[in-house]
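Descriptive structure summary
As a plain string of letters, each chain reads:
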Amino acid sequence: MKLLAEGFAKGAEGFVKLLPEEAEDMWHTFNLVREGDHITATTFRKVQVDKGTGADTERLKLKLTLEVAAIEFDAEGGVIRIKGRNLTESEHIKLGAYHSLELELGRAFTLKKAAWDALDIERVRQATDVSLSADLAAVLITEGLAHVCLVGGSTTLVRARVEANLPRKRGAAAAGYDKAWTRFLDHVFTAVVRHVDFGVVKCLVIAGPGFAKDQFKEHLEQEAVRREVRPLIENKEKIVLASASSAYKHSLKEVLSCPTIASRIKDTKAAREVTALQDFYDLLATDATRAFYGPGHVFAAAELGAIQVLLISDSLFRINHVEKRRKFAELVEGVREAGGEALVFSAMHVSGEQLNQLSGIAAILRFPLPELEDMEIPAEV
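In this report, the structure presented in the accompanying data block is examined. Since the model is a prediction, treat every value here as computed from it, not as a measurement.

Rules behind the numbers
Residues numbered from 1 in each chain as written. Predicted model: local features only at pLDDT ≥ 70, side-chain atom pairs only at ≥ 80, totals over all residues. Heavy atoms only, no water. Core = buried A, V, L, I, M, F, W, Y, C linked by side-chain atoms within 4.5 Å. Buried < 20%, exposed > 50% of the residue type's maximum accessible area, 1.4 Å probe, protein only. Helix = DSSP H or I, 4+ residues; strand = E, 2+ residues; numbered from the N terminus. Contact = heavy atoms within 4.5 Å. Pairing = 2+ DSSP bridges. Disulfide = S-S within 2.5 Å. Salt bridge = Lys/Arg side-chain N within 4 Å of Asp/Glu carboxyl O. Axes fitted to C-alpha atoms, helices over the stretch in contact; angles between N-to-C directions. Parallel < 35°, antiparallel > 145°, perpendicular 65-115°, else oblique. Nonpolar A, V, L, I, M, F, W, Y, C, P; charged D, E, K, R; others polar.

1. Examining the nonpolar core
Ranked by internal contacts, the top residues of the largest apolar core, which has 27 residues, are V139, I141, V192, L204, F216, L220 and L232. Where this core is concerned, the elements lending two or more residues are β8 (136-142), β9 (145-151), β10 (156-163), α3 (174-195), β11 (203-208) and α4 (212-226). Counting residues per element, this core draws most heavily on α3, at eight residues. Core analysis: the next-biggest nonpolar cluster, separate from the first, contains 26 residues, M1, I39, L66 and I82 among them.

Next comes the structure, spelled out in structure tokens:
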């Protein structure tokens, strides 16, 4: 995300002008915009124009400012649709009339808020800091199924799904197996060439159960030489193998926790999230008095200054309840001010999906709180 202009301070009114440049930027935008905010962007509208020979319809490009009433995110299409009340005087759209506009890649927009909180400011910094991106590509493959995924700092996107009905290796159909298998590998190869940019990714992981991953890596290297695909040939050392229990997206958590892969992306936000969540699960199993989840217990631990690492999902911040959001924001700030670490997990990552299954909030404590473990605390914030 490119930062074009800014003018905001914590707790005050302000604006930011941003230019989304990649799919992950749309996720950041979706987390920044909330009901009541003002969005200024270009949009198109069909209007009736009288040219003397009768009314004609023209598609005009307009710059509008909307007071956001609703927001929808199309993750697959990478488009955000915003509906709201028009705040711009125009001969084509009445002041106060409801209108909609789309935010998409390559189209700048200005976001104005009545008050910027610490989470909003952190999101802007995170979106515009290229060093926070994980930049990992993964091919999850088994016989007849493959997914090509891109793991960014805040999103995991499935860029391609390749399926094939393979004949059985035995019996009369066995003769056609090798040909079908090679055709399947060719399709996966094409998907990798199309979606993996080695100018960006730190490594390409080929993972899955059995020997399919090994065979695809061999096929990839041979085809790269035969077809003279320079990016693959020149970045051969970035291609690594890893084990995974399946070829589905959820197996990425196994890939990201693999020591070989973790060492390559160790400085990224995605890697830290995976490590922290695993530490939480380990502690939950060995010393449950230092690992708690759920808003009630986590807030209680925070009041005692006991939180060493806070794990919180960004899905908890996408609420229109001002008071609840303020409490979550203060929790994050409070933990950091007390010398703890607060990790805001992305719901678009596998680790974020796991955390959401634990209510979206958890904590690793500095010291045991056995009395807290036995307390019945309401989950409501």
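2. A word on unusual backbone geometry
Positioned with a positive phi, E228 is a non-glycine residue whose angle comes to about 55°. Mapped onto the secondary structure, E228 falls in the loop between α4 and α5 (230-234). Under the relative-accessibility criterion, E228 is labelled exposed at 61%. Phi angles above zero are rare outside glycine, and S359 is one such case at about 85°.

3. As for the side chain of H219
With respect to the element layout, H219 can be found in helix α4. Here H219 falls in the buried class, since its relative accessible area comes to 10%. Apart from residues no more than four positions distant in its own chain, H219 is found in contact with T182, L185, D186 and F189.

4. Points about the environment of E13
Along the chain, E13 turns up in the loop between β1 (2-7) and β2 (14-19). We classify E13 as exposed; its relative accessible area is 53%. Separated by 104 residues in the primary sequence, E13 and D117 place their C-alpha atoms 10.0 Å from one another. Discounting chain neighbours no more than four positions away, the residues touching E13 are G7, K112, K113, A114, A115 and W116.

5. Brief notes about the pairing of strand β7 (residues 109-113)
Only one face of β7 is covered, namely the face carrying F109, L111 and K113; the face carrying T110 and K112 is uncovered. Here five bridges tie β2 to β7, and the two strands are oriented antiparallel to one another. Residue pairing in the sheet places L18 in a bridge with F109 of β7.

6. As for the state of the cysteines
This structure, assessed with the given rule, holds zero disulfides. No disulfide involves C149; its sulfur sits 13 Å from that of C203, the nearest cysteine. Among the residues examined, C149 registers a relative accessible area of 0% and is labelled buried. With no disulfide of its own, C203 has C258 as its nearest cysteine by sulfur position, at a separation of 9.7 Å.

7. Let's talk about the pattern of salt bridges
Counted according to the given criterion, the structure contains 24 salt bridges. With a shortest N-O distance of 2.2 Å, K10 and E333 are connected by a salt bridge. Of the two residues, K10 sits in the loop between β1 and β2 while E333 sits in helix α10 (residues 322-337), which places them 323 residues apart along the sequence. Linking D186 and R227 is a salt bridge whose minimum nitrogen-to-oxygen distance equals 3.4 Å. You can see D186 sitting in helix α3 and its partner R227 sitting in the loop between α4 and α5, a full 41 residues away along the chain. For R227, a relative accessible area of 36% puts it in the partly exposed group. Residues joined in a network through salt bridges with shared partners are R34, D117, D120 and R325.

8. Details of the pairing of β8
Among the seven residues in β8, six count as buried, and that is most of the element. In this structure, β8 lies alongside β9, joined through seven bridges in antiparallel fashion. What sits directly across from A137, in β9, is L150. Bridging between β8 and β11 involves five bridges; their strand directions are parallel. Looking at β11, one finds that A137 is bridged to L204.

9. Remarks on the sheet that holds β11
Taken together, the five strands give an open sheet; going across it, the order is β10-β9-β8-β11-β12, and neighbouring strands pair in mixed fashion. Two strands bound the open sheet, and with one partner strand each, they are β10 and β12 (239-243). Each neighbouring strand pair of the sheet contributes to a mean axis angle of 20°, computed without reference to strand direction.

10. Quick word on the packing of helix α1 (residues 23-32) against helix α2 (residues 118-128)
Packing of α1 against α2 brings their axes to within 10 Å, and their N-to-C directions diverge by 170°. Comparing the axis directions of α1 and α2 gives the class roughly antiparallel. Contacts between α1 and α2 pair D25, W27, H28, N31 and L32 from the former with D120, R123, V124, Q126 and A127 from the latter. Across the contact of α1 with α2, the residue classes tally to four nonpolar, three polar and three charged.

11. Describing the sheet that holds strand β14 (residues 307-313)
Pairing within the open sheet is mixed, and its four strands lie in the order β13-β16-β14-β15. Both edges of this open sheet fall to β13 (291-293) and β15 (341-345), since each of them pairs with a single strand only. For this sheet, the mean angle separating the axes of adjacent strands, direction not counted, is 15°. Pairing of β13 with strand β16 (residues 361-365), which is carried by three bridges, proceeds in the antiparallel orientation. By the bridge assignment, F292 is partnered in β16 with A363. The strands touched by helix α8 (residues 269-286) are β13, β14, β15 and β16; relative to β15, the strand with the most contacts, the crossing angle is about 110°.

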